[in-house]
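# Chains, contacts and geometry: an overview
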Protein chains: 2
Amino acid sequence: MIDNKINKEIRDIFSAYLTEKKLRKTEERYTILDEICAFSGHFDIYMLHQKLKDTKYHVSKATLYNTLEVLTDAGIVIRHQFNSQLAQYELRKKAEIHMHFVCTHCHSVSEVKNPPFLQGSINALKNRFTPEYFSLCVYGMCGKCRNKEQKKSQKK
Amino acid sequence: MIDNKINKEIRDIFSAYLTEKKLRKTEERYTILDEICAFSGHFDIYMLHQKLKDTKYHVSKATLYNTLEVLTDAGIVIRHQFNSQLAQYELRKKAEIHMHFVCTHCHSVSEVKNPPFLQGSINALKNRFTPEYFSLCVYGMCGKCRNKEQKKSQKK
DNA sequence: TTTACTGCAAATATTTTGCAATATC
DNA sequence: GATATTGCAAAATATTTGCAGTAAA
């Protein structure tokens, strides 16, 4: 779980990054980061925009895209493009501990804890590449869709 | 390598799929599949469109998108969305034997043979999910960018 | 002969860009 | 005070859709 302590830790990492890159520490950037930390899983631009609207804090789409790019460059947020055109984001802290199951039927994305050996085997490739993080997406049919398909074939 | 024999094998799988789903066997669909088989790695809609133009065989973008959807549904082609908006595709036959290294600096995508145990560990999750294929993307800095960064820091 | 497929153009969706106003350093 | 960042609107990019003509079954 990402609690307030970890939330603060992430804010500090962001501050250090902004200082290092001589970027400005704006209220918008920190507000966006706080809202991102509050998401339990994936989110997209629209969900984030909506969430900020609910808190009565107005931020433009342009700023959202800009901030997400900075956060991605800082390695704090990971950008996924599962199946749809709309990019999905998530906190890297959360992404690192699971793999994604993308259902090829209903396009739902669920998460399963990463097999621990995976990290090790990726680290082993360091001579050719400097791995920062990885994303394992397994495509297939999710439990729900499988049940539906089974019911269908039973009716025949 | 995908040679003509495998190419024919894929055509047959496609034919069987089209028959099963009561879809039509058009010249466009087979021509597109042939061009796809000729790509050695990833490709996108524009590369495919260009390639077909070169062979003097005109196919509209709409048909390309349509056919790629059919091929994806058939499990013959895999659709990736690495970093850009432009979807990248590749033959599943090829995708299954490697993982992707996506450079977070220059956005190049290279391929490395999959660790063989990965397939096994994914199959082990069959009770919750029916895995069809997987895509392991490792993000980080590629060799070229790493060298450039090293040269930069040496100059300082 | 029926209707799925194709091509074109228009519509939609997502992200990026230009620029004036504003706020950080 | 210099200039990075913001917000808005317009542009750019990628994909989908509507529809009339064509071709597979």
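Notes on the structure follow. Numbering of residues starts from 1 in each chain and follows the order in which that chain's sequence is written. By the order in which they are written, chains take letters starting at A while ligands take numbers starting at 1. For this predicted model, a pLDDT threshold of at least 70 governs which residues receive local features, and a threshold of 80 or more governs which side-chain atom pairs are given and counted, while totals over whole chains, interfaces and linings are taken from all residues. Hydrogen atoms and water are omitted, and side-chain values are computed over all heavy atoms in the structure.

### Overview of the sheet that holds strand β1 (residues 43-44) of chain B
All names here are of chain B. Under the convention used in this document: Note on pairing: DSSP must find at least two bridges between two strands before they are called paired. The secondary structure listing takes helices from DSSP runs of H or I that are at least 4 residues long and strands from runs of E that are at least 2 residues long, numbered from the N terminus.
If you walk across this open sheet you meet the 3 strands as β1-β3-β2, and the pairing is antiparallel. Single-partner strands in this sheet number two, and they are β1 and β2 (77-80). Two strands pair when backbone bridges link them, and β2 and strand β3 (residues 88-91) are joined in this way by 4 bridges, in the antiparallel orientation. When the sheet's bridge partners are listed, Ile78 is paired in β3 with Glu90.

### Here's the deal with empty space enclosed by the protein
Applied cut-off: Throughout, the protein atoms alone are placed on a 1 Å grid, and a set of points is a cavity if a 1.4 Å probe fits but cannot get out or a pocket if it is open with protein on both sides within 12 Å along at least five of seven lines; lining residues have an atom within 4 Å of a point. Grid points are joined across faces, edges and corners, and a volume is the space filled by probe spheres set on the points. Three classes are used: nonpolar for Ala, Val, Leu, Ile, Met, Phe, Trp, Tyr, Cys and Pro, charged for Asp, Glu, Lys and Arg, and polar for all others, with Gly counted as polar.
For the coordinates displayed, the defined rule picks out 2 cavities of 30 Å³ or more. Empty space within the largest cavity amounts to approximately 120 Å³. Every residue lining the largest cavity is listed: His80(A), Gln81(A), Phe82(A), Ser135(A), Cys137(A), Tyr139(A), His80(B), Gln81(B), Phe82(B), Ser135(B), Cys137(B) and Tyr139(B). Elements with a minimum of two residues in the lining of the largest cavity: β5 (129-142) of chain A together with β6 (129-142) of chain B. Its residues assigned to classes, the lining of the largest cavity shows 6 nonpolar, 6 polar and no charged. In this structure, the second largest cavity occupies an estimated 30 Å³ of space. Looking at the second largest cavity, the residues that line it are His49(B), Leu52(B), Lys53(B), Tyr57(B), His58(B) and Val59(B). Of the residues belonging to the lining of the second largest cavity, the class tally is 3 nonpolar, 2 polar and 1 charged.

### Section: the interface of chain A and chain B
The criterion, for reference: The contact criterion used is simple: two residues touch if any of their non-hydrogen atoms lie within 4.5 Å. Pairs of N or O atoms within 3.5 Å make up the polar contacts considered here, provided that, within protein, one atom can donate a hydrogen while the other can accept it, and that residues adjacent in sequence are counted only when both atoms are side-chain atoms.
The partner chain B presents 38 residues to the 38 residues of chain A that form the contact. Along the contact surface separating chain A from chain B lie 2 residue pairs in polar contact (both at pLDDT 80 or more). Only β3 (98-103), α6 (116-123), β5 and α7 (143-155) of chain A provide two or more residues apiece to the side of chain A that touches chain B. Ranked by residue count, the leading element in the side of chain A that touches chain B is β5(A), at 14 residues. Tallied by class, residues from the side of chain A that touches chain B come to 21 nonpolar, 12 polar and 5 charged. The sheet contact formed by β5(A) and β6(B) spans 13 bridges and is antiparallel. Bridged to Thr130(A) within β6(B) is Met141(B).

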